[in-house]
Amino acid sequence: MANSEICCSTQLIDGDGTFNVSGLESFMKEVKLAECGLSYAVVSIMGPQSSGKSTLLNHLFGTNFREMDAFKGRSQTTKGIWMARCTGIEPCTLVMDLEGTDGRERGEDDTAFEKQSALFALAVSDIVLINMWCHDIGREQAANKPLLKTVFQVMMRLFSPRKTTLLFVIRDKTRTPLENLEPVLREDIQKIWDSVPKPQAHKETPLSEFFNVEVVALSSYEEKEEQFKDQVASLRQRFHHSIAPGGLAGDRRGVVPASGFSFSSEHIWQVIKENKDLDLPAHKVMVATVRCEEIANEKYASFVANEEWCQLEEAVHSGPIPGFGKKLNSLLDTCLSEYDAEATYFDESVRSAKQKQLQEKLFQLLHPTFQSALGHVRSRTLDKFKEAFDKALNAREGFSAAANSCIGSCMAQFDEACADVVIEQTNWDTSKVREKLRRDIDAHVVAVRAAKISELTSSYEEKLKEALSGPVEALLDGASSDTWPSIRNLFRRETKSAVSGFSAALAGFDMDEETTQKMILSLEDYAMGIVEGKAREEAGRVLIRMKDRFTMLFSHDSDSMPRIWTGKEDIRAITKTARSASLKLLSVMAALRLDDDDTDNIEKTLAVALVDSSNSSAMNRSITMVDPLASSSWEQVPSSKTLITPVQCKSLWRQFKIETEYSVSQAISAQEANKRNNNWLPPPWAIAALVILGFNEFMTLLRNPLYLGVIFVGYLLFKALWVQLDISGEFRNGALPGIISLSSKFIPTIMNLMKKLAEEGQNPATNNHHGSTSKTNYNAVTAARTVSSSASSNLTSLDNGTEFASPLKDE
Ligand SMILES: Nc1nc2c(ncn2[C@@H]2O[C@H](COP(=O)(O)OP(=O)(O)OP(=O)(O)O)[C@@H](O)[C@H]2O)c(=O)[nH]1
C-alpha cells in the first residue's frame with residue numbers, strides 16, 4: 001500500500017471499487033496536472049500478487065508505494081488501484097499500481113475486479129507494465145496466462161485500439177539470455193491473442209494493431225539487488241519523454257487532455273462498473289463536451305467579474321468612452337484565448353462548438369453596452385449636426401450647400417466615432433444606426449427647411465402686403481379712370497420685385513423647378529389676394545366713400561374751402577358734379593380689373609341707369625322696357641371679379657341719395673335764408689329818414705305809459721312766437737344753423753312788427769293795438785312757413801324727381 005503521507009500519491013479506487021473523486025481532484029491540483037495539456041503519460045502495472053510490482057515502481061519512478069515486508073511472508077499489500085506521480089521524469093508521468101491478480105484474499109469473485117481494473121488500466125494508460133516471473137515463460141500453466149487473456153478480452157471492449165505499449169517485465173531472469181526468452185514470450189502472447197474470442201470486426205486484426213509489445217528482463221531484486229538497480233535505472237531512461245515520437249508511448253492514441261483526466265477516469269470507471277462497453281472515441285467527445293463547457297463557463301464567469309469590464313459597463317451609461325471598441329476587443333481576446341489555451345487538446349469539433357457558444361454568450365453580454373455606446377455616438381453626432389447646421393445657416397450659407405456640407409462632415413465624424421466603438425471580433429453591423437442617424441438628420445433638415453421656407457414666404461408675403469395694401473386702398477379711395485391701370489401697374493411692379501427676390505432666395509434651397517414654380521405662383525396668388533381683398537373691403541365701404549366724396553365736393557369749393565351758401569351758388573350743378581364723382585367711385589369699386597383686357601361698361605351702365613334716368617320723368621321711366629341694373633351680374637365681368645352687383649349698385653345709389661339729400665336741402669335753406677336776410681332791411685335812406693323823423697315818436701313812446709303797455713304786449717307776442725316756431729328746437733339742431741334759421745324766421749317777423757309799431761306809433765290814436773298784434777303774429781308765422789316751403793320747393797325742383805320730393809314734403 002502506498003504511503004498516505006506522500007502528497008503526490010492517492011488511492012484512486014479502493015478495494016470495494018469506489019472511485020475517489022475528491023482524492024483525485026486534490027492529487028491533480030498537487031501535481032498541477034491540468035496545466036499539462038497532452039504532455040503527460042500514464043503508466044500502470046499489473047501482475048500476480050506479491051510479484052514485486054510496488055518494489056519495481058518505487059525503484060523505477062521514485063514513488064513510495066507500500067511494499068510487502070519480506071520477513072512477514074507473502075500476502076496482499078496493494079488493494080484497489082493507487083496512483084502516484086513519477087519523480088524526475090518528464091513530461092509528467094502518472095503511475096498506477098494495480099491490485100495483484102491471483103490473490104488468495106479475493107477468492108473466486110476476484111475475477112470481476114481483475115477484469116475491471118485491467119480494463120481501466122488499458123483505457124487510461126499509455127504504457128502497461130505486465131509483471132511476470134521469468135520461470136512462467138513457456139509454461140502452459142503459467143500464472144500470467146489468465147492475466148493476458150483478461151487483458152486481451154477486455155481490450156475488445158474498448159471499441160478502438162489505443163495502441164497501448166505492453167511492456168513485459170520479466171522478473172528474476174535466469175541465465176537464459178533475453179534474446180532467447182523474448183521469442184518464446186511473444187509466441188505465448190500470440191497464442192493467447194489467437195485464442196481470445198474477438199468480435200467480428202476484429203477477427204483478423206493483428207495484435208500489433210492494438211499493442212506495442214516490448215519485453216524487458218530484470219534480475220532478482222532479492223538476490224541480485226545491485227544488478228536489479230542498474231537494470232531498473234537503465235529502464236527508467238526509456239520513460240523519459242516517453243510520449244515523444246519513437247518513445248515508449250510514442251504511438252498512443254486517443255489521449256484525454258490532462259484537465260479532463262479526472263472526469264474521464266471517473267467516467268470510465270463508472271462505465272466499467274456498470275459493465276457497459278467502453279466506447280473510447282465517444283467517451284473522448286463526451287469528456288471534451290463536459291470539459292469544454294466547464295472551461296467556457298469558467299471563462300465567462302471570469303469575464304463578467306473582470307474589473308475593467310465592470311467599469312466599462314458602468315461608464316457607458318454616462319457617455320461615450322474613448323477606445324471603447326479596442327478595450328472590449330482586448331477583453332474578449334483574452335477571454336477566448338484563455339478558453340482556447342485550456343480547451344486546445346480536446347476534440348476540435350467540440351472545442352470549436354463550445355468556443356462559439358462562449359463567444360455568443362459574451363457577445364450577448366456585450367451587445368447592450370455596445371448599443372448604448374453607439375447610441376451615444378449617434379445622438380452626439382446629431383446634436384453636433386444641429387449646432388453646425390444652425391451656425392452655417394446663420395453665416396448665411398445657402399441652405400442646401402450648408403446642409404450638404406454639414407451632413408458630409410457629420411457623417412464622417414460618425415464613421416470615425418463608430419470605428420472607435422466597433423468591437424472588431426463581433427463584426428456587428430452599424431449600418432442601421434448610421435441609417436437612423438441619416439434619417440434623423442434628414443428629418444431635421446426637412447423641418448428646418450420647411451420652417452425657413454415658411455419664414456421666407458411669410459416675409460415676402462408681408463412685404464407684398466405692405467407694398468400693396470395701403471397704396472391700393474389709396475388708389476381705390478381716389479377712384480378715377482386711372483385707378484385700375486394704376487393698381488395693375490402697382491400690382492405687377494411689386495409682384496415682379498417680390499417674385500424675383502423670392503426666386504433668388506429659393507435658389508439656395510436646391511428645389512426642383514416644379515416646386516419652385518408652385519411657390520412663386522402661390523406668392524403671386526397671395527399678391528392678387530391682397531389686391532382683391534382690399535378691393536372687396538373697399539367695396540364694402542363704398543357707401544361711406546361715396547358720401548365722403550359727395551360731401552367733399554358739395555361742401556367745399558374748388559380750393560377745398562368750406563362752402564358758405566350765399567345764394568349765388570348753383571346748388572344743382574354742384575350737386576350733380578358731386579353725385580357724378582360718387583357714381584364714378586361706385587363704378588370703379590364695382591369690379592376687379594386686374595387684367596389688361598378687363599374692359600367693361602359698368603360706368604356707362606350706371607350713368608344711364610342712375611343719373612340719366614333720374615333726369616327723365618317718372619312716366620318716361622315707367623315705359624322703359626328693361627332696367628339695366630335689375631341683374632346680379634355685369635356684362636363682360638365674371639362673377640369672380642364682381643365686387644358690387646348691379647342690384648347692389650342700385651340699392652346703394654338709393655341709399656346714397658337719401659343720405660345726402662339732407663345736405664342739399666340744408667344748403668338750399670341756407671341759401672334762401674341768406675337771400676331773405678339780405679332783403680328785410682329798408683334801403684339806407686329810409687332808415688336815416690326813420691331815425692330823423694321818428695325821434696320824437698320814440699321819445700313819446702318812452703314817456704307814455706300806454707306805449708309801454710304796447711311794448712309789453714310785444715314781448716308777449718315774441719314769447720308766443722318762440723313757442724309756436726320751436727325756435728329752441730332750431731338751436732338744439734346746431735348753433736350756427738339754428739341761429740341762421742332763427743334769424744331767417746324771426747328777424748323778418750320782428751322787423752315787420754317793429755314797422756307796424758312804428759306806423760302805429762306815428763298814428764297811435766287811430767290804431768287798434770290788439771288787432772294789429774294778432775295780425776303781426778299771423779304774418780310772422782306765415783313768413784316763417786314761406787321760408788321753409790320755399791326751400792323745399794327749390795330742392796324739389798333740383799332733381800325734378802320723386803326721390804327727393806317725397807321725403808322733403810313729409811318734413
Ligand atoms: N524473488 C524476488 N522477490 C522480490 C523481488 N522484488 C521484490 N521481491 C519481494 O517480493 C515481495 C513482495 O513485494 P511487493 O513489491 O510488495 O510485491 P507486490 O507485487 O507489490 O505485492 P502486492 O501488491 O501484494 O501484489 C517482497 O518481499 C519483496 O522483497 C524480486 O525481484 N525477486
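Analysis parameters
- Residues numbered from 1 in each chain as written.
- Predicted model: local features only at pLDDT ≥ 70, side-chain atom pairs only at ≥ 80, totals over all residues.
- Heavy atoms only, no water.
- UniProt positions renumbered as here; feature names shortened; annotations may be inferred.
- Helix = DSSP H or I, 4+ residues; strand = E, 2+ residues; numbered from the N terminus.
- Contact = heavy atoms within 4.5 Å.
- Buried < 20%, exposed > 50% of the residue type's maximum accessible area, 1.4 Å probe, protein only.
- Pairing = 2+ DSSP bridges.
- Axes fitted to C-alpha atoms, helices over the stretch in contact; angles between N-to-C directions.
- Parallel < 35°, antiparallel > 145°, perpendicular 65-115°, else oblique.
- Left-handed = near helix turned anticlockwise from the far one by under 90°.
- Nonpolar A, V, L, I, M, F, W, Y, C, P; charged D, E, K, R; others polar.

Draft legend 1. Looking closely at the UniProt feature "binding site: GTP" (unreviewed entry) in the protein. What UniProt calls "binding site: GTP" (unreviewed entry) maps, in this numbering, to Gly47, Pro48, Gln49, Ser50, Ser51, Gly52, Lys53 and Ser54. Examined against the element boundaries, Gly52 turns out to sit in the loop between strand 2 (40–46) and helix 2 (53–61). Residues within four places of Gly52 in sequence aside, it is in contact with Asn131 and Arg171. A relative accessible area of 9% places Ser54 in the buried class. Leaving out residues up to four positions away in the same chain, Ser54 has contacts with Phe65, Arg66, Glu67, Thr78 and Asp97.

Draft legend 2. How the structure looks around the sheet that holds strand 3 (residues 81–85). Read from one edge to the other, the open sheet built from seven strands follows the order 1-3-4-2-5-6-7, with strand pairing classed as mixed. This sheet does not close on itself; its edge strands, each paired only once, are strand 1 (9–13) and strand 7 (211–217). Along the sheet, successive strands turn relative to each other by an average axial angle of 25 degrees, direction set aside. When strand 1 meets strand 3, the two strands line up antiparallel, connected through four bridges. What sits directly across from Ile13, in strand 3, is Ile81. Along the sheet, helix 1 (residues 21–31) contacts strand 1, strand 3 and strand 4 (92–98); its crossing angle with strand 3, the most-contacted strand, is approximately 15 degrees. Relative to the sheet, helix 2 contacts strand 2, strand 4, strand 5 (127–133) and strand 6 (164–171), its axis offset from that of strand 4 by approximately 170 degrees.

Draft legend 3. Unusual backbone geometry, seen in detail. With an omega dihedral of -10 degrees, the bond running from Glu90 to Pro91 counts as a cis peptide bond. Inspection of the secondary structure puts Pro91 in the loop between strand 3 and strand 4. Even without glycine at this site, His241 takes up a positive phi of about 50 degrees. With respect to the helices and strands, His241 occurs in the loop between helix 7 (225–237) and helix 8 (261–273). Non-glycine residue Asn427 carries a positive phi angle of around 55 degrees. With respect to the helices, strands and loops of the structure, Asn427 is situated in the loop between helix 13 (399–421) and helix 14 (431–477). For Asn427, a relative accessible area of 66% puts it in the exposed group.

Draft legend 4. Looking closely at the packing of helix 9 (residues 280–304) against helix 11 (residues 324–343). For the pair helix 9 and helix 11, interaxial distance at closest approach is 10 Å and the crossing angle is 155 degrees. Relative to helix 11, the element helix 9 is oriented roughly antiparallel. Of the two possible hands of crossing, helix 9 and helix 11 adopt the one that is right-handed. On helix 11, the residues that touch Arg291, Cys292, Ile295, Ala296, Glu298, Lys299 and Phe303 of helix 9 are Leu331, Leu332, Cys335, Glu338, Tyr339, Glu342 and Ala343. Partitioned by chemical class, the residues of the contact of helix 9 with helix 11 number nine nonpolar, no polar and five charged.

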